[in-house]
Amino acid sequence: MKSSDDSAVGAMSIGALAARFGLATHVLRHWESKGLLHPGRDAGGRRRYGADDLTRVAIILLSKEAGLGLDTIRSLSATVDRATRHKVLRAEAEELRSRIAAAQVSLELIEGGLNCAHEDVTQCPNYQRLIAERVGSQVPAHGRARDGNPPVSRDD
């Protein structure tokens, strides 16, 4: 029997594991260098991946799809302390909420442009409202003081 026959030893080669998840082998090596994977080695020093490694790769992929970085994934996998895990996840959740809010604003602007019947998008009431909101928070609107009140006239 060939030494590369994974079923005989109950473990998979790096190529087999990578293929199973549609990954390049260098990705698995990188995850190993980051401390996320700890494959066994055969007598020839080749990496051998078992069922636990399959689970870890699936967890890494799901975590990455959730927007977590490799350092965060490593932190989460290294802790069994619920409070520590919650602290890390709360920070990630807050960051995600911020990204979602920014994406919602972007989508509103884009959809406003798509739904605008004006030839010139700058004449669109939705566009003008968004611009006024942005300008209003940084620069006084035309004819208004920073506090939103009409300017004080001076008869000097």
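You'll find the structure just up there.
(A) How the structure looks around the layout of surface pockets. The calculated volume of the largest pocket comes to roughly 270 Å³. Lining the largest pocket we find G35, L36, H38, R56, I59, I60, S63, L68, I73, L76, S77 and A78. Along the lines of polarity and charge, the residues of the lining of the largest pocket split into seven nonpolar, four polar and one charged. If you add up the space inside the second largest pocket, you get close to 220 Å³. Looking at the second largest pocket, the residues that line it are V105, S106, E108, L109, Y127, R129, L130, I131, E133 and R134. At the level of elements, α6 (82–115) and α7 (125–136) are the ones that each hand at least two residues to the lining of the second largest pocket. In terms of residue count, α7 provides more of the lining of the second largest pocket than any other element does, six residues in total. Of the residues in the lining of the second largest pocket, the class split is five nonpolar, one polar and four charged.

(B) Region of interest: the side chain of T79. Looking at the element boundaries, T79 is found in the loop between α5 (70–78) and α6. Owing to a relative accessible area of 17%, T79 belongs among the buried residues under this scheme. In this view, T79 contacts T84 and R85; residues no more than four positions away in its chain are not counted.

About the criteria used
- Residues numbered from 1 in each chain as written.
- Predicted model: local features only at pLDDT ≥ 70, side-chain atom pairs only at ≥ 80, totals over all residues.
- Heavy atoms only, no water.
- 1 Å grid on protein atoms, 1.4 Å probe; cavity = no way out; pocket = protein on both sides within 12 Å on 5 of 7 lines; lining within 4 Å.
- Points joined across faces, edges and corners; volume = space filled by probe spheres on them.
- Nonpolar A, V, L, I, M, F, W, Y, C, P; charged D, E, K, R; others polar.
- Helix = DSSP H or I, 4+ residues; strand = E, 2+ residues; numbered from the N terminus.
- Buried < 20%, exposed > 50% of the residue type's maximum accessible area, 1.4 Å probe, protein only.
- Contact = heavy atoms within 4.5 Å.

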